[in-house]
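Architecture and fold: a report
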Amino acid sequence: MLKWILLALVVMVILAVVGVTFWVQTEAPFRRVTLAEGPAERALILYHTSRDAHFSDDLAAALAQGFEEGGLSVDRWPMTKSTPPRPEGYAVVAVVSNTFFGAPDWPTARYLERAKLTDLDTIAIIAGSGSTDRAERLLRAKLEKTGARLLALRPLWIKRPNTPNSHTKDNREIAMGLARAMATKAADNARAGKPARDDPALRIMEGSEGAAGSRVQ
Ligand SMILES: Cc1cc2nc3c(=O)[nH]c(=O)nc-3n(C[C@H](O)[C@H](O)[C@H](O)COP(=O)(O)O)c2cc1C
């Protein structure tokens, strides 16, 4: 009897994990949303919509704020089967992916497989609870395959400090501040027509490859 109860429990746990895995990675319907309108130059945020902790939604909102402060109009699209592979008319693009089991979420991965971002200035965030090294490497490789000019890619975490002296309870707020700063800097570069890679501020925001201590605050 105990054997059957244990077996039923194992099956239930497996079904729950499979269910959550699919649910958190289901695509949102494709919808173009304008978050800031005004200047002629535009930024586009491509993201996987939140299912869980609203982290990628918050990061997209922070990026939008940063782009707007940097003097750009801002659009936001979810990454789906219907998302155009080549976004036209954007000075800068931001990609926000979630991490599930050490990899970028499926909608992001599928979209980047067919995206053509050739020579588009792009910043990217890999969001996760705190274990994103492998997902970051995979996301970088996928972005490079799209032809994007990758200015900065960094992880932002909800359960691990994002800066050397920060506290876990402030993670979300700090992550949003960092996303906002990345976007403002990228917008400034785009508006100045500078090759953004020459901007040291963007360079130090790039990639983690490990400890939080190596990045800009
Ligand atoms: C099934 C599952 C697997 C996850 N795997 C990872 C992981 O490998 N590394 C990590 O840092 N976070 C992982 N997370 C945390 C999510 O990346 C984090 O909760 C997500 O960025 C929040 O997304 P949302 O709030 O935008 O829905 C996982 C979460 C779930 C539900």
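These remarks concern the structure in this document.

1. Focus on the side chain of S56
Structurally, S56 is set in helix α2 (residues 55–69). Look past the residues within four positions of S56 in its chain and what remains in contact with it is Y47, H48, T49, S50, V96 and N98.

2. Examining the site of the ligand
S50, A53, H54, F55 and T99 are the nearest of the 19 residues found near the ligand. Within the contact set of the ligand, an oxygen atom lies 2.9 Å away from a backbone nitrogen or oxygen of R51. Between S129 and the ligand, the recorded distance is 2.9 Å, taken from a backbone N or O atom to an oxygen atom. In isolation the ligand offers 640 Å² of accessible surface; the protein chains occlude 86% of this area. When residues of the shell around the ligand are traced back to their parent elements, those giving at least two are α2, β4 (92–100) and β6 (121–128). At 3 residues, the largest contribution of residues to the shell around the ligand is made by β4.

3. Remarks on helix α5 (residues 171–192)
With 22 residues, α5 should reach 32 Å at 1.5 Å per residue; the first-to-last C-alpha distance of 31 Å fits that figure. Looking one or two residues beyond α5, the residue adopting positive phi is G193, at roughly 65°.

Calculation criteria
Residues numbered from 1 in each chain as written. Predicted model: local features only at pLDDT ≥ 70, side-chain atom pairs only at ≥ 80, totals over all residues. Heavy atoms only, no water. Helix = DSSP H or I, 4+ residues; strand = E, 2+ residues; numbered from the N terminus. Contact = heavy atoms within 4.5 Å. Near = heavy atom within 4 Å. Polar contact = N/O pair within 3.5 Å; in protein donor to acceptor, adjacent residues only side chain to side chain. Areas by Shrake-Rupley, 256 points an atom, 1.4 Å probe, with all protein chains shown as cover. Expected span 1.5 Å × (residues − 1).

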